[in-house]
Amino acid sequence: MNEQISAASLYDRVARVIPKAEWMGFQDDVEAILELKRKRNAVILAHNYQTPEIFHGVADIVGDSLALARKAMEVEADVIVLAGVHFMAETAKLLNPGKTVLIPDMAAGCSLADSITPEDIALLRKAYPGVPVVTYVNTSAAVKAASDICCTSGNARQVVESLGVPRVLMLPDEYLAKNVAMETNVELIAWRGHCEVHELFTADDIRELRESHPGVIVLAHPECPPEVVEAADFSGSTAVMSDYVGRERPARVVLLTECSMSDNVAVHHPDVEFIRPCNLCPHMKRITLGNIRTALEENRHEVTVDQAIAAAARRAVERMLEV
């Protein structure tokens, strides 16, 4: 996987979104990371919200949370570096308990993961006895362990309907639950967690985009408020949005999600104009080439999960992957 390749040759991939002068500043770290990956038999998993120099420059496996979860199970390397946020690194560790999993910055968290605890789930189970708990992967391992099954934004409806029950607790993203509820006959009981990136988009933003950019196609992430999803032309996970652009080739498009997503998709579609009124995720942006390099040089920061928690959390993730 870590074939001989140089930072200079990688630039062709990102030339449309990274100025040459900026890339020159990245080259030393890129060269060092490529060599460290070979030396340590390491791979880098990068979420779609990582910046292009990471996503297209040093990552071996890229995608949304569902893709990373699936592909993490196929990794043969000794070391996994998760270029994303902490819950993603925990998920990689759950699925690869015998491997070293590193996250370059321990402070790379998530507002959704912070919005719910295992104690909250225990109280919900008392309030709704017998109702299964579907938990978004944007949660801690401890919360996953307290759940029946996990889901992502890309497979939420399928997971909910796979349970064959009329009522489900869907946690913790309120907007994702409400958006999925519009697509299924299953009654969804939601928690009030929100993504600090997607909750900022409004229906007025879409109206203004259509006025200032006639003909623009608006794609919205299902973590956006329902009125935003309703006003958009299409809604889907980051992977589904990327597939839409590749399939439909809109002349002009806007992705209502984290900023770097547009840059990463634009690399593959030079014929598409990307409008970028996006919002930054401060947690994703904690991951840099510099701290990826340090993670590999110093084995920083290793992610561990308590064995008792890991067993139950792994079951919830594996049940999702079986759907």
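Residues numbered from 1 in each chain as written. Predicted model: local features only at pLDDT ≥ 70, side-chain atom pairs only at ≥ 80, totals over all residues. Heavy atoms only, no water.

Chemist: Teacher, can you tell me more about the sheet that holds strand β9 (residues 217–220) here?
Modeler: Sheets are built from strands paired through backbone hydrogen bonds, the pairs being either parallel or antiparallel. Sheet architecture is open: four strands sit in the order β10-β9-β11-β12, paired in parallel fashion. Two strands lie at the open edges of the sheet, namely β10 (234–235) and β12 (273–275), each paired on one side alone. Packing of helix α10 (residues 203–212) onto the sheet brings it into contact with β9, β11 (252–256) and β12, and relative to β11 it is tilted by some 165°. Helix α12 (residues 238–248) contacts β9, β10, β11 and β12 of the sheet and is inclined by roughly 160° relative to β9. (Pairing = 2+ DSSP bridges. Helix = DSSP H or I, 4+ residues; strand = E, 2+ residues; numbered from the N terminus. Contact = heavy atoms within 4.5 Å. Axes fitted to C-alpha atoms, helices over the stretch in contact; angles between N-to-C directions.)

Chemist: Whenever I open this one, the side chain of Glu223 confuses me. Can you help?
Modeler: Mapped onto the elements of the fold, Glu223 is located in the loop between β9 and α11 (226–231). At 3.0 Å, the side chain of Glu223 and the side chain of His198 are in polar contact. Not counting residues within four places of it along the chain, the set of residues in contact with Glu223 comprises Leu112, Tyr136, Asn138, Asp173, Tyr175, Cys195 and His198. (Polar contact = N/O pair within 3.5 Å; in protein donor to acceptor, adjacent residues only side chain to side chain.)

Chemist: Just checking my understanding: could you explain unusual backbone geometry for this structure?
Modeler: Trans peptide bonds make up most of the peptide bonds, and negative phi angles are found at most residues other than glycine. Cis peptide bonds are those with omega within 30 degrees of zero, and the linkage from Leu171 to Pro172 qualifies with -10°. Here the bond from Arg300 into His301 is cis, since omega is -10°, no more than 30 degrees from zero. Summarising the element assignment, His301 is placed in the loop between α14 (289–298) and α15 (307–322). Look at Asn41: it is not a glycine, yet its phi comes out positive at around 50°. Within the fold, Asn41 resides in the loop between α2 (20–40) and β1 (42–47).

Chemist: Explain the domain arrangement of the protein chain here, please?
Modeler: Accessible area lost when the parts come together is the quantity often used to give the size of an interface. Each assigned domain of the protein chain is listed with its residue range as follows: domain 1 (7–109 + 284–302), domain 2 (112–194) and domain 3 (203–275). Placing the centre of domain 1 and that of domain 2 at their C-alpha centroids yields a distance of 29 Å. On the domain 2 side, the residues contacting the six residues of domain 1 number eight residues. Surface buried jointly by domain 1 and domain 2 totals about 640 Å² across both partners, of which 65% is contributed by carbon and sulfur atoms. Run the count over domain 1 and domain 2 and you get one residue pair in polar contact (both at pLDDT 80 or more). Counting only elements with at least two residues in the side of domain 1 that touches domain 2, the list comes to α4 (65–72) and α5 (86–95). Counting residues per element, the side of domain 1 that touches domain 2 draws most heavily on α5, at four residues. Classifying every residue of the side of domain 1 that touches domain 2 by side-chain character gives three nonpolar, two polar and one charged. (Domains from an automatic or database assignment. Buried area = accessible area lost by both parts, 1.4 Å probe. Nonpolar A, V, L, I, M, F, W, Y, C, P; charged D, E, K, R; others polar.)

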